[in-house]
Amino acid sequence: MIQENILELVRYGLATGLITEEDQTYTTNRLLEIMKIDDIPDEVFAKYEKKPLPTQEEAEGSLEDILNRLMDYAYENGLMEDNTVTYRDLFDTKLMGALVARPSEIRAKFERLYKEDSLKATDYFYKLSCDSNYIRRQRIKKDQKWTTETPYGTLDITINLSKPEKDPKAIAAAKNAAQTAYPKCQLCAENEGYAGRVNHPARQNHRIIPVTINQSPWYFQYSPYVYYNEHCIVFNSKHTPMKIERATFGKLLDFVTDFPHYFVGSNADLPIVGGSILSHDHFQGGHYTFAMAKAPIEKEISFTGFEDVKAGIVKWPMSVIRLTADDKNRLVELADKILLAWRGYTDEAAFVFAETDHEPHNTITPIARRRGEAFELDLVLRNNITTEEHPLGVYHPHEALHHIKKENIGLIEVMGLAVLPARLKAEMAEVADAILAGDDLRKTPTLASHADWVEAFLPKYKDINAENVMDILHEEIGQVFKQVLEDAGVYKCTEEGRAAFMRFIQSI
């Protein structure tokens, strides 16, 4: 009986703390309205009154099944236009929105907890973002994750399976849907509570927290895809383009002042070396320590007039200057000086050009964190120049690696986490079968792009069998990611590359 599923969802809300007993009747009626059902028989109420509430773990495990039963009913009774993942996501978000408190209540509780401890506040908000199914725990669990040891440290690798692919019907519907400028993008504050449409995700269960950084109003939320622990997004209250400037460093450092247990960084502000959304100024952060943060200083350096700032070149495949100081204002001053110098810097011998045909190429990917009581900034030098040989970028994964990673190297990859496309799950399973069977990968269209790579690493392994073939593929994918980062580095980790890096530093 569908009424039982409604009560099970209400009990989920009680068990996870999304609602209280005072909210129980109201929430039940909201769900009845969404499901277009008029009543619940007394015997159904009686059945559930006798049952103890599930534990948090039991509730988490049951949610997907409860929602699936409700959505099946909705489709069978004409409440959903189609039974595809796009329409199911729109509908189950509407259901979960009935369990989530109004923004004012959530912000008030966050503020109360923050006054006690910033960690308590983020713990509360992250759990709420998961319990509300805004972060879909069951999908996140499907992501494939492993690590690879390299000379630069332990790199994280993930094949992203949590972001659903659009089905053909939804793609067609989105193409024919009326275009709207509300919300302007998926990062805008207007997404909070938005019902969504076929070409824009539903966000009735989504909440955001206002923060003030560098004396300007911003918001704080979590990413629905959480590529790492407590993956958060900090975004401008206005729909304004990405821009790396002096104020950026102040904003980043203000955020880690307010949330010292988090790091925060910004994608670069130019195409190719920037993130996927350049139209809305935003940062990404979280409660995680990446390999780059663990990487040591390879060479100490100093800047005249900033002797109080500890500085060095980081042992990392990309070109990273690390600055550490107790006074964050001094970091802002020096970071701005480095940024301005890099924006205008050309070194033809190192194939570094500030601009060509009036198109700027140099920018920075900055990351801020606390190191004990001190503040730390990592400044990653980026350049987006293209050539006929490398039309997607000289400092971008080269064509030989595109079978694994072709997309932009953004902030997350820069720090040491490869976010790889979902297609690799099926392709690697096929590659494994082909290796074990001794088949020619070139004869299979979906595997031909991997043939050169597989032929190159096979001689390294004397015994490849069903027990170890996937581990070998994972290791080799990790080594490809290492090469991807090396390709993206402006100055290579060679004697010649380090000499060129020092020429820039000495020019500041």
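Calculation notes
Residues numbered from 1 in each chain as written. Predicted model: local features only at pLDDT ≥ 70, side-chain atom pairs only at ≥ 80, totals over all residues. Heavy atoms only, no water. Helix = DSSP H or I, 4+ residues; strand = E, 2+ residues; numbered from the N terminus. Rg over C-alpha atoms; globule rule 2.2 N^0.38 Å. Contact = heavy atoms within 4.5 Å. Areas by Shrake-Rupley, 256 points an atom, 1.4 Å probe, with all protein chains shown as cover. Lys, Arg positive; Asp, Glu negative; His and termini not counted. Charge placed at Lys NZ, Arg CZ, Asp CG, Glu CD. Patch = residues over 30% accessible without salt bridge, like charges linked within 9 Å, V, L, I, M, F, W, Y side chains within 5 Å. Salt bridge = Lys/Arg side-chain N within 4 Å of Asp/Glu carboxyl O. Buried < 20%, exposed > 50% of the residue type's maximum accessible area, 1.4 Å probe, protein only. Expected span 1.5 Å × (residues − 1). Core = buried A, V, L, I, M, F, W, Y, C linked by side-chain atoms within 4.5 Å. Pairing = 2+ DSSP bridges.

Caption draft 1: Main features of the overall build of the protein. Across its full length, the protein carries 17 helices and 15 strands. The C-alpha atoms of the protein give a radius of gyration of 25 Å, which matches the 23 Å a tight globule of 508 residues would have. A separation threshold of at least 6 residues defines the contact pool for the protein, and within that pool the share at least 24 residues apart is 64%. Surface summary for the protein: the accessible area is close to 23300 Å², and the carbon and sulfur share equals 49%. Taking the average place of the 59 positive charges on the side chains of the protein and the average place of its 78 negative ones, the gap between the two points comes to 3 Å.

Caption draft 2: Spatial organisation of a negative patch on the surface. On the surface, Glu 21, Glu 22, Asp 23 and Glu 105 cluster together to form a negatively charged patch. For Glu 21, the location among the structural elements is in the loop between helix H1 (2-16) and helix H2 (24-35). Judged by relative accessible area, Glu 21 falls into the exposed class, the value being 67%.

Caption draft 3: Molecular detail of H1. With 15 residues, H1 should cover 21 Å at 1.5 Å per step; its first-to-last C-alpha distance of 21 Å lies within 8% of that length. Most of H1 sits inside the fold, with 13 of its 15 residues counted as buried. At the C-terminal side of H1, Gly 17 shows a positive phi close to 85°.

Caption draft 4: Broad picture of the nonpolar core. Ranked by internal contacts, the top residues of the largest apolar core, which has 98 residues, are Leu 9, Phe 220, Val 234, Leu 323 and Tyr 491. The residues touching Leu 323, leaving out its near neighbours within four places in the chain, are Phe 303, Val 309, Lys 310, Ala 311, Leu 331, Leu 334, Ala 335, Ile 338, Phe 375, Glu 376, Leu 377 and Leu 379. Counting residues in each nonpolar core, the second largest holds 50 residues, with Ile 367, Leu 417, Leu 424 and Phe 457 among its members.

Caption draft 5: Highlighting the pattern of salt bridges. Taken as a whole and assessed by the stated rule, the structure comprises 33 salt bridges. With a closest N to O distance of 2.8 Å, Arg 503 and Asp 347 form a salt bridge. With Arg 503 in helix H17 (residues 495-507) and Asp 347 in the loop between helix H12 (328-343) and strand S11 (355-356), this pair connects stretches of sequence that are 156 residues apart. Residue class for Asp 347 comes out buried when judged on its relative accessible area of 9%. Residues participating in the shared-partner salt-bridge network are Arg 322, Arg 369, Arg 371, Glu 376 and Asp 378.

Caption draft 6: Summary view of the pairing of strand S5 (residues 232-236). For S5, a buried count of five out of five residues is recorded, marking the element as mostly surrounded by other parts of the structure. Here S5 shows a buried face lined by Cys 232, Val 234 and Asn 236 and a second buried face lined by Ile 233 and Phe 235. For strand S4 (residues 216-222) and S5, the ladder comprises five bridges, and the chain directions are antiparallel. Paired with Phe 220 across the bridge in S5 is Val 234.

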